[in-house]
2 protein chains.
Amino acid sequence: MTTGAQALLKTLADAGIEVCFSNPGTSEMHFVAALDHEPRLRAVLTLFEGVASGAADGYARMSGKPAATLLHLGCGLGNALANLHNARRARVPLINIVGDHATTHVRFDAQLQSDIETVARNVSPGFVRTSRSSAELCHDAADAIAAARGLPHQVATLILPADVSWSEGASACSVSAVPAAARAAAGTIESIAAAIRSGAPGALLLGGSVLREEGLTAAARIAQRHGLRLLAETFPTRLERGAGLPAIERLAYLAELVQVQLAGIEHLILVDAKSPVSFFAYPGRPSELVPAGCHVHRLVEADEDAPASLIALADALGATHTAPPLQAVQRPSCPRGRLNAAKVCKAVGHLLPEHAILIDEAITSGLMLGAMTAGAPRHDLLTLTGGAIGQALPNAIGAAIACPDRPVLALVGDGAAMYTIQSLWTMARERLDVTAIVFNNAAYSVLNVELDRVGAQPAGQAARAQLDLGEPRLDFARLAQGMGVHGVRADTAEAFVKALRYALDMPGPHLIEAMIPESLGGAKRKVLPWLLRSLPRLPRSLQRTLKARIAP
Amino acid sequence: MTTGAQALLKTLADAGIEVCFSNPGTSEMHFVAALDHEPRLRAVLTLFEGVASGAADGYARMSGKPAATLLHLGCGLGNALANLHNARRARVPLINIVGDHATTHVRFDAQLQSDIETVARNVSPGFVRTSRSSAELCHDAADAIAAARGLPHQVATLILPADVSWSEGASACSVSAVPAAARAAAGTIESIAAAIRSGAPGALLLGGSVLREEGLTAAARIAQRHGLRLLAETFPTRLERGAGLPAIERLAYLAELVQVQLAGIEHLILVDAKSPVSFFAYPGRPSELVPAGCHVHRLVEADEDAPASLIALADALGATHTAPPLQAVQRPSCPRGRLNAAKVCKAVGHLLPEHAILIDEAITSGLMLGAMTAGAPRHDLLTLTGGAIGQALPNAIGAAIACPDRPVLALVGDGAAMYTIQSLWTMARERLDVTAIVFNNAAYSVLNVELDRVGAQPAGQAARAQLDLGEPRLDFARLAQGMGVHGVRADTAEAFVKALRYALDMPGPHLIEAMIPESLGGAKRKVLPWLLRSLPRLPRSLQRTLKARIAP
């Protein structure tokens, strides 16, 4: 006889799901036991559920396929929630499997009993289901898989009571194929084409699925042919970039900069992207960042095929044969001397291998990363889609498992790294080719910026202490060693480059801790001049505008 | 003018709330800035929200007062959820403050936007409120404080939009005093007294607030006078114990053992405790553990004064002047030779200082802790009330802040320690007198037991690998050092004793990593004989019963 768990694993494997990122407890023991009967499903153990969910997100971004998670009741789901939020915002497919008490046990309100569905709704608004019997389990699982895979992709949560898992009489189900997504309606394409043909200043804002070569190329053809600007959302799920691909300007994190980027645009065409809004609200400043009078057009709905629609738009605009401008090969020189955040980014740009997967959660320290790697060999960039800190290290696990032949570099701030530092152990256990680069500036730097921006000045000692990670200073090389990962500290550019060369040459995982000054530190910090110096891409005239507008 | 945040902090401080365990983000920057205006509120920074919530739990257990947390949106709340669950089950007062986007910003669905209330309901079923304006904020806060403090205590969640925090025109509110709780109804006391007087075999099962000296003494008088057994719930919030206090037998974690403990009881009197149920359900085994035909009596409702009611019951039973049996002074000898889990517990019993706070999250390795410390000098024991792993290290932070003059010892398994390992940094930063003892047996030991118990045998390699933490083996001494905590490894009993003596003599924090074999390891493990050997407290006749019943 087949248990619910055995049939569930067969259903998952039959549907092509190959990996389960897990942190099981007692209620998941039958699922765990069933792993021995289903060798097609690789179970990757994590020490903390946020690692499992972030790994499933990274896996989906790089493979295009859902992984499963295996979590232990409401508390395990809570621990996984932040990275499930990032996955939701990344719009990746993910099957979240949460074990629960046996259906007969719920009414006793035992210690671990809690309302799992209420928590799950936060990240799985479209699909939360508690399976009620072994007979129904695989149908429920098939529905969850179909929900996750359909457009828009989503995090589907299946709650699995222990007795549904252990009872016999279950049988696996097949999952219906994902229906082909439709293109944008002809009328929509035509009206957007007309707006573009009008010749008014316009931009294409790309997001989601059109930030890969196919979409980027179609967009770049249109932009080239019709003089549009080409913009990408601030935090892409996966951006293909580097030499030989069309270059694209990402919208900035800071709302003030986005307003500068969008100034003068009369038509903004959204392609699988949202209309730009401020990441946070600030007193007296607008949340909407689109200039007054600008027309916002949306090429596709969430369930439509964005790349195909963009190609159709290029066709409608006669741009199919336009040669798109492509990024030239260009690497920065090798940095020297005392280490700082920009030199770390420069070294990464200097050495980045072809087909690398670059994960950026270095919120302030990574500011120069885009510029420094723009002309590096072709690579993928994954970013903090949902703003929930602790994404880069888990994402790196999933990306490395999805793409075992590609080097993965995860750049992460010290504050961010600590949320899911347990990731390092899974990297070591699975022998993943990941190089984690931790910027140790002993501060929540971005909050020093934000404390000023929200107008909460002047901040005294008690407030500043909340942003300070300097006492004691974390030692990430030791933390890595404590989890079986080769870890080194670098204080100079030379030492960092040497460590990075070694890490890229030798099988991973590795961790390099870059000891850098807090660029934004000091009581009289001037955020704006620093930003302006750090964004050489902005034309001088825009720098002047920006300076006049927000730093009088 | 006073901002919402400033008035909120004044309201908290006026109400006697002295500590806020925090992990803030941008939306909490005005709260952070307001800290400089309210020196009565001590903000304790954590690197992960689960540390903040677990610390607030530990603080409340030892001080009897609520602390505040400060969390960043739905994702921060998610990270805090597991330890908030433990706090909910511990029935401690706690004010959970969750920053949110500005009310005007919510409709833009920016990256970090999510449904916070749905998550909060999981741990705050009794009080979740989103404050709508600065004018209302302090009334909302006062309601939250009153809700948390009232009986039964609870985790009250106040959601604080950024603009409610930053807007001016707020003023602090005073919080109404907690109304005195009533005693149990006279009729209830009389009917329970009659049951006890009947002379039928009975037991008092104590929980919650009656596991401290006052309640224990009253219960022990009754038990002594009327020949009742005295039992404590499995996972007490705070148990006062040691030489000179009435001893009490805790219900076991394993349902099979609880059935043995309760066998033959005809009257079970619950005093601030729940009727015993199995922690998890197991195929073919009952969830309810009370013997058939046993009458279950409940002395108090959740909003009644349990210690006073127990004293009234003692009075009704003529036991007020009965001398309760008290635990004799008795320490185990100093262990020697190769280290194992029992020897670690023995060393703790050998050296435990008076008034220590002992926190036990060593699920399998701590099995001997109760027996080994029973006759140690008077101390408090805090346990895993909600079963959500990752409680001990954060609890230790809160306990040490609540009781700066008392040594805190946190015993924790390797698997459990990793969920909230970031706690060590806050211990170092706040220079807390905590000694963390990590049992490194390179396994999720309890799951090895559970895998057998749920009947999921025979387990193959894939399943066993999910419970194995041996490859690579974690190095907790290094992890401690990486977070600024003095950390050492001990392989022998002599080395462990030396390290523990040093840790107890010198200001903390310290971490001692006890390298022990996996007691339950091996393909042919026999759980039951090991349990029987480990529980010398059980009479031989009961051991035989147990063996016959569950290990045929």
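Structure: above.
Draft legend 1. Spotlight on the overall build of chain A. The helix and strand tally for chain A stands at 22 helices and 18 strands. The C-alpha radius of gyration computed for chain A amounts to 24 Å, which stays within 12% of the reference 24 Å derived for 552 residues, consistent with globular compactness. With respect to the three principal axes, the spread of C-alpha positions in chain A is 75 × 60 × 45 Å. Taking the intrachain contacts of chain A between residues at least 6 apart in sequence as the baseline, contacts between residues at least 24 apart amount to 80%.

Draft legend 2. Spatial organisation of the interface of chain A and chain B. Facing the 80 residues of chain A at the interface are 82 residues of chain B. Of the residues forming the side of chain A that touches chain B, the biggest block, eight residues, is contributed by helix α4 (residues 73-90) of chain A.

Draft legend 3. Highlighting the sheet that holds strand β4 (residues 94-100) of chain B. All names here are of chain B. The sheet built from six strands is open, its strands ordered β2-β1-β3-β4-β6-β5 with parallel pairing. Looking along the sheet, the strands with just one partner apiece sit at the ends: β2 (42-45) and β5 (128-130). Each adjacent strand pair in this sheet contributes to an overall mean axis angle of 20°, direction not counted. The pairing of strand β1 (residues 19-22) with β2 spans four bridges and is parallel. Bridge pairing in β2 links Val19 to Arg42. Where helix α6 (residues 134-149) meets the sheet, its contacts fall on β4, β5 and β6 (155-161), and the angle it forms with β6 comes to roughly 165°.

Draft legend 4. Local environment of the nonpolar core. In this structure, A:Val271 and B:Val271 are the most contacted members of the largest nonpolar core, which totals 419 residues. With residues near it in sequence (within four places) discarded, B:Val271 still touches B:Leu204, B:Leu205, B:Leu206, B:Val210, B:Ala219, B:Leu299, B:Val300, B:Ala306 and B:Leu310.

Draft legend 5. Focus on the packing of helix α3 (residues 49-63) of chain B against helix α4 (residues 73-90) of chain B. All names here are of chain B. Their axes nearest at 6 Å, the elements α3 and α4 cross at an angle of 20°. Judged by the angle between their axes, α3 and α4 are roughly parallel. Crossing geometry of α3 relative to α4 is assigned as right-handed. Across from Glu49, Gly50, Ala52, Ser53, Gly54, Ala56, Asp57, Ala60 and Arg61 in α3, the residues of α4 making contact are Gly76, Asn79, Ala80, Ala82, Asn83, Leu84, Asn86, Ala87 and Ala90. A class-by-class count of the residues in the contact of α3 with α4 yields eight nonpolar, seven polar and three charged.

Draft legend 6. Seen up close, the packing of α4(A) against α4(B). Interaxial distance between α4(A) and α4(B) falls to 8 Å at its minimum, and their mutual angle equals 165°. Considering their axes alone, α4(A) and α4(B) lie roughly antiparallel with respect to each other. With respect to the hand of their crossing, α4(A) and α4(B) are arranged in left-handed fashion. Between α4(A) and α4(B), the residues in contact are A:Gly74, A:Cys75, A:Gly78, A:Asn79, A:Leu81, A:Ala82 and A:His85 and B:Gly74, B:Cys75, B:Gly78, B:Asn79, B:Leu81, B:Ala82 and B:His85, respectively. Tallied by class, the residues present in the contact of α4(A) with α4(B) amount to six nonpolar, eight polar and no charged.

Cut-offs used in this document
- Residue indices begin from 1 for each chain and proceed along its sequence in written order.
- To label them, take the chains in the order written and letter them from A, then take the ligands in the order written and number them from 1.
- Selection of residues for local features in this predicted model requires a pLDDT of at least 70, selection of side-chain atom pairs for listing and counting requires 80 or more, and totals for whole chains, interfaces and linings are taken over all residues.
- Each helix is a run of H or I in the DSSP string that is no shorter than four residues. Each strand is a run of E no shorter than two, and both are numbered from the N terminus.
- A radius of gyration in this sense is built from C-alpha atoms; the matching globule rule multiplies 2.2 Å by the number of residues raised to 0.38.
- A residue pair is marked as a contact if its C-beta atoms, positioned from the backbone, fall within 7 Å.
- At least two bridges found by DSSP between two strands is the condition for calling them paired.
- Where helices are involved, their axes are fitted lines through C-alpha atoms of the stretch in contact, as for all axes, and angles between N-to-C directions lie from 0 to 180°.
- A set of buried Ala, Val, Leu, Ile, Met, Phe, Trp, Tyr and Cys residues, joined through C-beta atoms within 7 Å, is what we mean by a nonpolar core.
- Residue burial here comes from a neighbour count, namely the number of other C-beta atoms, placed from the backbone, that lie within 10 Å of the residue's own C-beta, with 20 or more meaning buried, 12 or fewer meaning exposed, and in between meaning partly exposed.
- Any angle that is under 35 degrees is reported as roughly parallel, and any over 145 degrees as roughly antiparallel; angles of 65 to 115 degrees are reported as roughly perpendicular and all others as oblique.
- Left-handed describes a crossing in which the near helix is turned anticlockwise from the far one by less than a right angle; the clockwise case is right-handed.
- When residues are grouped by polarity, Ala, Val, Leu, Ile, Met, Phe, Trp, Tyr, Cys and Pro land in nonpolar, Asp, Glu, Lys and Arg in charged, and all others, Gly among them, in polar.

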